[in-house]
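Architecture at a glance
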Amino acid sequence: MSIQKNSLFRSFWIGVGFTLISALSYGQSGWTKEKGEGFYQLSFNRFSSSDYYTLDGELLNTNAFTQNSLVFYGEYGVTDRFTLIANLPLQVWNGFSTTETVNGLGDLRLEFKHAILKKYLPLAISVAPEIPIGRANNFAQSTQNDFESINLPSGDGEFNVWTTLSTSFALPNAPFYGSIFGSYNYRTQYEDISFSDQIALGVELGYQIAGKVWVNGRLQGLSSVDDVRVVTDFVRGDGTEFTSYSFGASVPVYKNFHLSLNYRNYADFLFSRKNLYSAGTFSLGVFYQSKRKTNE
Amino acid sequence: MKKVLFIFYIAFLGLVSCSDDKEKDPVVIDPTRPTGALNILRSGSFTDQNGAGSRGMAGLGTDTQGKEFLRFDGAFNTALATGTVTVFLSTSMEFMADPANGNPNLLPLGPVRNAGENFFAIPTGASTAKYTHVILWCGSVGVPFGFAPLN
């Protein structure tokens, strides 16, 4: 079951309501890797939108905001019950139609995932600190005049920790699985600006076609714990809420190398969109899976 | 000849001594701030837009030299952390750009960088009579952050 990621607009206000690469954009399951097994993916994500939802949920038509990102995601089974996961946007390109494009490294998310139950009902808990190594300030100069600019950071500058509880099932006689998870994001602050904590929920279903192509569908929601009324800092996702849905597929291309495709978009049926640019995100990735050799 | 040179020498000393007169401290005129008290003629409170947190009052008036300024009071604030916010005088509460015709409904006064009291000098020769509102505009994104009527 491939795990893919998309970019998530988590800040800006403009909120631009801008967007940063979010950990919520990939799936969560109750499984951990077996010892020595690995999953390593490089993906390119593209997002462009002029539809911005304010903190009040009002839709604004703005200048088009575009974000492209190149993201590394990896999982490694340290033991049969403990998996180390890393997510690092190697490069994020941000820009408005009226500005230059600026780019930089994103924030590193390290996830420590422990299998509480493995056999009958896979259940895992993970703790994932996001380390703010990305560019927390990156001003894009206007292309319309010489005195306007806007901050489009590739990292949010803030240390936060996601804690996730997830469980999964797989049918014994069919290549079909399902996962469900709940997460709490403990957020801190950036330059004296404190951010509201967040709660995320999600469900994923997957099926393998013809023994080769895995397809999946996901539904996820993000809500802010506090009722954020005023944007303290548009670009860092305070008060952002949304429901997202995505569809993905992966196909083996050469030995343990696979090609993955994903499409993600936003809606309002779990949590209404707030402080968010909304549009589809297209992702194209290549991943490598290393399996533990068996004597079978 | 010596007399002529002597006269020139005395005259030179006189000039030098004149240049040594105590110089008065120069009067520095900051064109971005009003001279003396600003007599506010029209003013209004900001209405926030798009969750930018805009607040405070804007007032249009003249200083003791007759120069026109727009003033934001000490309570002024808006979303300044993300991008440049530009101040416009406008003929309505809505930002109506028409660059092809020279933006007849807008008068740009420049970016606002800080919360609290701000002054914006009205460009020389510009008439403010037709402008009824102040608009805070985030040009990079293309959205308003707030407006204040000038009553």
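Residue indices begin from 1 for each chain and proceed along its sequence in written order. All chains are assigned letters beginning with A, and all ligands numbers beginning with 1, in the order in which they are written. Local features in this predicted model are restricted to residues whose pLDDT is 70 or higher, and side-chain atom pairs enter the listing and the counts only when it is 80 or higher, whereas totals over whole chains, interfaces and linings include all residues.

As recorded by an unreviewed UniProt entry, chain B carries the name DM13 domain-containing protein and is attributed to Algoriphagus confluentis.

1. Describing the overall build of chain A
Rules: Helical segments are the DSSP runs of H or I of at least four residues, strand segments are the runs of E of at least two, and each set is numbered from the N terminus. Partly exposed residues are those whose C-beta has more than 12 but fewer than 20 other C-beta atoms within 10 Å; with 20 or more the residue is buried, with 12 or fewer it is exposed, and the C-beta atoms are placed from the backbone. Residue pairs qualify as contacts under a 7 Å threshold applied to their C-beta atoms, which are placed from the backbone.
Looking only at helices and strands, chain A has zero helices and 22 strands in total. Every one of the 296 residues in chain A was classed for burial, and the buried ones make up 48%. In chain A, of all internal contacts separated by at least 6 residues, the share reaching a separation of at least 24 is 62%.

2. Regarding the overall build of chain B
Scanning chain B from N- to C-terminus turns up one helix and nine strands. Order of helices (α) and strands (β) in chain B, N terminus to C terminus: α-β-β-β-β-β-β-β-β-β. The 151 residues of chain B split such that 32% are buried. For chain B, the proportion of contacts with a sequence separation of at least 24, taken over those separated by at least 6, is 59%.

3. Observations concerning the interface of chain A and chain B
Much of the literature gives interface size as the accessible area that the parts lose upon coming together. Note the following rule: Here the term charged refers only to Asp, Glu, Lys and Arg, the term nonpolar to Ala, Val, Leu, Ile, Met, Phe, Trp, Tyr, Cys and Pro, and the term polar to all other amino acids, Gly among them.
Between chain A and chain B, the contact holds 24 residues from the first and 16 residues from the second. Those elements that provide at least two residues to the side of chain A that touches chain B are β6 (59-77) and β12 (149-151) of chain A. Of the residues that constitute the side of chain A that touches chain B, the class distribution is 12 nonpolar, nine polar and three charged.

4. Looking at the UniProt feature "domain: DM13" (unreviewed entry) in chain B
Short version of the rule: UniProt positions are given in the numbering used here, feature names are shortened, and annotations may be inferred rather than shown by experiment.
Within the UniProt annotation, "domain: DM13" (unreviewed entry) is assigned to residues 44-151 of chain B. When the span residues 44-151 of chain B is considered, its composition is 0% helix and 42% strand, and the gap between its end C-alpha atoms is 6 Å.

5. Here's the deal with the environment of Gln141(A)
Residue and element names in this part refer to chain A. Mapped onto the elements of the fold, Gln141 is located in strand β11 (residues 139-141). When the C-alpha atoms of Gln141 and Leu276 are compared, they prove to be 22 Å apart, with 135 residues separating the residues in sequence. Setting aside its immediate chain neighbours within four residues, Gln141 contacts Thr99, Glu100 and Ser149.

6. Details of the nonpolar core
In summary, soluble globular proteins display a tendency toward joint burial of nonpolar side chains. The condition that has to hold: As used here, a nonpolar core is made of buried Ala, Val, Leu, Ile, Met, Phe, Trp, Tyr and Cys residues. They are joined through C-beta atoms within 7 Å.
Within the largest apolar cluster, 44 residues are counted, with the highest numbers of intra-cluster contacts made by Leu70(B), Phe88(B), Val134(B), Ile135(B) and Trp137(B). Put simply, the parts of the chain that give this core at least two residues each are β5 (38-53) and β21 (276-277) of chain A together with β3 (57-62), β4 (68-72), β5 (85-90), β6 (106-112), β8 (133-138) and β9 (143-149) of chain B. Among the elements that line this core, the one with the most residues is β8(B), at five residues. With residues up to four places along the chain from it excluded, the contact list for Trp137(B) reads Val85(B), Thr86(B), Phe88(B), Phe95(B) and Pro144(B).

7. A short note on the environment of Gln67(A)
Residues and elements named next belong to chain A. Position of Gln67 relative to the elements: it lies in strand β6. Of the residues examined, Gln67 has 27 C-beta atoms within 10 Å and is grouped as buried. Sequence separation of Gln67 and Val215 is 148 residues, and the distance between their C-alpha atoms is 25 Å.

8. Description of the pairing of strand β18 (residues 213-224) of chain A
All names here are of chain A. The condition that has to hold: When DSSP locates at least two bridges between a pair of strands, those strands are taken to pair.
The pairing of strand β17 (residues 198-209) with β18 spans 12 bridges and is classified as antiparallel. Its bridge partner lying in β18, Leu205 is registered against Gly217. Remark: three residues form the turn of the hairpin made by β17 and β18, two consecutive strands paired antiparallel; Ala210 in that turn has positive phi of roughly 55°. Where β18 lies against strand β19 (residues 242-254), nine bridges are found, and the strand directions are antiparallel. Each bridged residue has a counterpart across the sheet, and for Arg218 the counterpart in β19 is Ser246.

9. Details of the confidence of the model for chain A
Operational definition: Confidence of the predictor at the level of single residues is captured by pLDDT, which takes values from 0 to 100.
When pLDDT is averaged along chain A, the result is 87; 88% of the residues meet or exceed 70. Confidence drops under a pLDDT of 50 for residues 1-21 of chain A, and excluding neighbours within four residues, the segment shows 119 contacts in the predicted structure.

10. Observations concerning the pairing of β17(A)
One ladder, built from 10 bridges, connects strand β14 (residues 176-187) of chain A with β17(A); its direction is antiparallel. Residue Ser179(A) lies in a different strand from β17(A), and its bridge partner there is Glu204(A).

11. Section: the sheet that holds β3(B)
All names here are of chain B. We apply this condition: Note on method: axes are straight lines fitted to C-alpha atoms, helices fitted across the in-contact stretch only, with angles between N-to-C directions ranging 0 to 180 degrees.
Here four strands make up an open sheet; going across it, the order is β1-β3-β4-β7 and the pairing antiparallel. Both edges of this open sheet fall to β1 (39-45) and β7 (118-121), since each of them pairs with a single strand only. Geometrically, the sheet is characterised by an average inter-axis angle of 20° between neighbouring strands, direction not taken into account. In terms of strand pairing, β3 meets β4 through five bridges, oriented antiparallel. Bridging from a neighbouring strand, Gly59 pairs with Arg71 of β4.

12. As for the sheet that holds β8(B)
All names here are of chain B. The five strands lie next to each other as β2-β9-β8-β5-β6, forming an open sheet whose pairing is antiparallel. Unpaired on one side and paired on the other, β2 (47-48) and β6 mark the two borders of the sheet. Here β5 runs beside β8; their pairing, made up of five bridges, is antiparallel. Its bridge partner lying in β8, Ser90 is registered against His133.

13. Description of unusual backbone geometry
The backbone of Asn275(A) sits at a positive phi, close to 45°, despite the residue not being glycine. Tracing the backbone shows Asn275(A) in the loop between β20 (257-267) and β21. Non-glycine residue Asn103(B) carries a positive phi angle of around 50°. Considering the arrangement of structural elements, one finds Asn103(B) in the loop between β5 and β6.

14. Let's talk about the environment of Gly280(A)
All names here are of chain A. Mapped onto the elements, Gly280 comes out in the loop between β21 and β22 (281-290). Taking the C-alpha atoms as reference points, Gly280 and Ser244, 36 residues apart in sequence, are found 9.8 Å from one another. Setting aside chain neighbours within four positions, we find Gly280 in contact with Tyr263, Arg264 and Asn265.

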